[in-house]
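Observations on chain architecture
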Amino acid sequence: MVEARKIHRRDLDAYRRLRVAMLKEAPWAFASLPYVELTSHPSVVKQWLDDPGNELVVIDHPDEDGELASAVGIQRETKAQFRHKAVAWGVYTLPEFRGQGYGEAAMRHAIEVARSWSGVETLLLHVTGVASEALELYSSIGFETWGVEPDCVRLHGESYDVHRMRLSL
Ligand SMILES: CC(C)(COP(=O)(O)OP(=O)(O)OC[C@H]1O[C@@H](n2cnc3c(N)ncnc32)[C@H](O)[C@@H]1OP(=O)(O)O)[C@@H](O)C(=O)NCCC(=O)NCCS
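Quick summary incoming for the structure in this document. (Residues numbered from 1 in each chain as written. Predicted model: local features only at pLDDT ≥ 70, side-chain atom pairs only at ≥ 80, totals over all residues. Heavy atoms only, no water.)

Description of the pairing of strand β2 (residues 54–60)
- Of all the 7 residues making up β2, 6 are buried; the element is thus mostly covered by neighbouring parts of the structure.
- Bridging between strand β1 (residues 4–6) and β2 involves 3 bridges; their strand directions are antiparallel. The residue of β2 that forms the bridge with Ala-4 is Ile-59.
- Across 7 bridges, the pairing between β2 and strand β3 (residues 68–76) is antiparallel. (Buried < 20%, exposed > 50% of the residue type's maximum accessible area, 1.4 Å probe, protein only. Helix = DSSP H or I, 4+ residues; strand = E, 2+ residues; numbered from the N terminus. Pairing = 2+ DSSP bridges.)

Structural notes on the sheet that holds strand β5 (residues 122–128)
- Pairing is mixed in the open sheet, where 7 strands are placed in the order β1-β2-β3-β4-β5-β7-β6. Since the sheet does not close on itself, it has two edges, and those belong to β1 and β6 (144–155), each with one partner. Going from strand to strand, the sheet's axes swing by 25 degrees on average, the running direction of each strand aside.
- Against the sheet, helix α1 (residues 12–25) touches β2, β3 and β4 (85–93), its axis set at about 80 degrees to β4.
- Strand contacts of helix α5 (residues 132–141): β4, β5 and β7 (158–168), with the helix running at about 15 degrees to β7, the strand carrying the most contacts. (Axes fitted to C-alpha atoms, helices over the stretch in contact; angles between N-to-C directions. Contact = heavy atoms within 4.5 Å.)

Structural notes on the nonpolar core
- Counting 53 residues, the largest nonpolar core has Tyr-15, Met-107, Leu-123, Tyr-138 and Phe-143 as the members making the most contacts within it.
- Take this core: its biggest share by element is 8 residues, from helix α4 (residues 102–116).
- Residues within four places of Tyr-138 in sequence aside, it is in contact with Val-91, Met-107, Leu-125, Val-127, Phe-143 and Met-165. (Core = buried A, V, L, I, M, F, W, Y, C linked by side-chain atoms within 4.5 Å.)

Written out as structure tokens, the structure is:
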């Protein structure tokens, strides 16, 4: 059975490596700042996690000790008028483990963590339109698209629409 959990201190460098992998594979999905910085050093991941409004949910690599196979980040909005919302980001499963329930398990655990944050009632997501597996995953969990921003991301001469999704917690 696939088991998702919150990240531990010992996972910081493994997470950094997973973050490098996601940015390499799908820069159009993951290139937003400040999250690019999380690839630089485990201490940067630690610093990001020191904020109680930030969390990373991970799934262990089944064959390689200390490595991670899947992850979801969540971040609570900080301003008073937005604190009822959190954003999920960096949803990723290593290619060799896709289609085996990792992404769903990580996202469901992230939803439970967001629910545990007092006052958080909405989880938001931004999904590049070409990420059809991700759109399918989020819809199957209950996220609804409330809008699509055309030409939201431009990268290496390509333009990408971005779906804005939300889930009531
Ligand atoms: C999106 C992603 C995280 C899904 O991870 P995963 O571990 O393969 O997901 P799961 O195995 O838990 O699949 C859960 C659901 O997602 C959907 N899904 C996953 N892969 C799919 C595919 N190839 N085609 C269609 N739907 C798919 C299905 O609804 C699936 O449920 P089902 O197995 O009951 O049909 C993974 O494909 C990925 O890392 N993609 C590249 C990065 C990316 O696009 N991230 C999202 C950025 S917003």
